[in-house]
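# Observations on chain architecture
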Amino acid sequence: MSPPSRRTLLGSTAGLLALTAGCVANNSNDDDDPDPGAGSNSDGNGNENGNESANGNESDENGDDTGDGDGDETENDDELSTKTHQYQQPTRSDDPTIEYIHSRDDADDWLADRDVGEDTTRFVDDTEFENSRLVSIEAGAPNPCTEMAIDSVELSDDVLTVEATVTDQRSPEKACAQQEVTVGALVRATFPDEPTTELSVTVVDRHGDEHSQSMASGSGSASSSTSVTGSDTDSEEETEK
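Let me begin by describing the structure that accompanies this report. (Residues numbered from 1 in each chain as written. Predicted model: local features only at pLDDT ≥ 70, side-chain atom pairs only at ≥ 80, totals over all residues. Heavy atoms only, no water.)

Looking only at helices and strands, one finds 4 helices and 11 strands in the protein chain. In the protein chain, which comprises 241 residues, the proportion classed as buried is 29%. Taking the contacts inside the protein chain whose residues are at least 6 apart along the sequence as the reference set, 65% of them involve residues at least 24 apart. Roughly 15600 Å² of accessible area belongs to the protein chain as shown, and the carbon and sulfur atoms make up 42% of that amount. (Helix = DSSP H or I, 4+ residues; strand = E, 2+ residues; numbered from the N terminus. Buried < 20%, exposed > 50% of the residue type's maximum accessible area, 1.4 Å probe, protein only. Contact = heavy atoms within 4.5 Å. Areas by Shrake-Rupley, 256 points an atom, 1.4 Å probe, with all protein chains shown as cover.)

At Asp-157, a residue that is not glycine, the phi angle is positive and equals roughly 55 degrees. Note on placement: Asp-157 falls in the loop between strand S5 (146-156) and strand S6 (159-168). Judged by its relative accessible area of 71%, Asp-157 falls in the exposed class. For Asp-158, which is not glycine, the phi dihedral falls at a positive 65 degrees. Here Asp-158 is to be found in the loop between S5 and S6.

Okay, the environment of Leu-134 next. Structurally, Leu-134 is set in strand S4 (residues 132-141). You can call Leu-134 buried: its relative accessible area is 0%. With 53 residues separating them along the chain, Leu-134 and Val-187 place their C-alpha atoms 5.5 Å apart. Each residue touching Leu-134, except ones within four places of it in the same chain, is listed here: Glu-99, Tyr-100, Ile-101, Phe-123, Val-124, Thr-127, Phe-129, Val-187 and Arg-188.

Core analysis: the largest hydrophobic core is formed by 25 residues, its most contacted members being Val-135, Ile-137, Met-148, Leu-160, Val-162 and Leu-199. At the level of elements, strand S3 (97-101), S4, S5, S6, strand S7 (181-190) and strand S8 (198-204) are the ones that each hand at least two residues to this core. With 5 residues, the top contributor of residues to this core is S7. One finds Tyr-87, Ala-107, Phe-129 and Leu-186 within the second-largest nonpolar core, a separate group that totals 11 residues. (Core = buried A, V, L, I, M, F, W, Y, C linked by side-chain atoms within 4.5 Å.)

Another point: the packing of aromatic side chains. Any pair of aromatic rings gets described here by the distance separating the centres and the angle formed by the planes. What the rule picks out here adds up to 1 aromatic pair. A cation over an aromatic ring shows up here: Arg-188 above the ring of Phe-123, its NZ or CZ 4.1 Å from the ring centre. (Phe/Tyr/Trp six-rings, centres within 6.5 Å; stacked < 30°, edge-to-face > 60°. Lys NZ or Arg CZ within 6 Å of the ring centre and 35° of its normal.)

Moving on to the pairing of S6. The two faces of the sheet receive side chains in turn, since in a regular strand these alternate between them. Relative to S6, S5 runs antiparallel, the two being bridged by 10 bridges. In the strand pairing of S6, Met-148 is matched with Val-166. Counting the residues between successive antiparallel strands, the hairpin from S5 to S6 contains 2 residues, one of them, Asp-157, with a positive phi of roughly 55 degrees. With 7 bridges connecting them, S6 and S8 associate as parallel partners. (Pairing = 2+ DSSP bridges.)

If you want it as structure tokens, here you go:
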């Protein structure tokens, strides 16, 4: 037998290479095919996570409740709602003064007589006098680091009772200039029913002396008394009509 020709060998080699390539291609296609159910499960999980994210955002939006930062807001057993605001004036005061503000005109007059900032003006303007009243308490202070602290606000037997103290807020870490100022506090009292006309306020001044004043809005009269701490004889009482 004669040996195969060069043309015959080349043809056989080409056919073998083509057959091998076809087998490799088939194996590659089999390995790359995804699990028929994998894509559906992946999409389902993605949608579920997206819904959970949307619910979380809704919870954050509903839970966002911030105040205006004007001071403490309280509500007692009589459903009296109160809110306080501290302020200062660059003036010197002697004895504490108290005012019961029960109308918009009174509030405008109160603001016109004082050098207060925009935050105090805004607090007054935000008061609805249909069912709310403002109590203004002021007293002298030896430095700007002092404030008028509201100790308690109560409504009992149709009398609004407020207790306040001039409080020095200085600390070793906080330097403060010795400058006479007037410290004040506004109490916004919102009543469950008709606002009361009777007010009783007690203020402890910078020296520890206690000043009490009672008044009735619209009556044109007020009574006040001053007692000096540690003395049984130094007392003063006066009535204004």
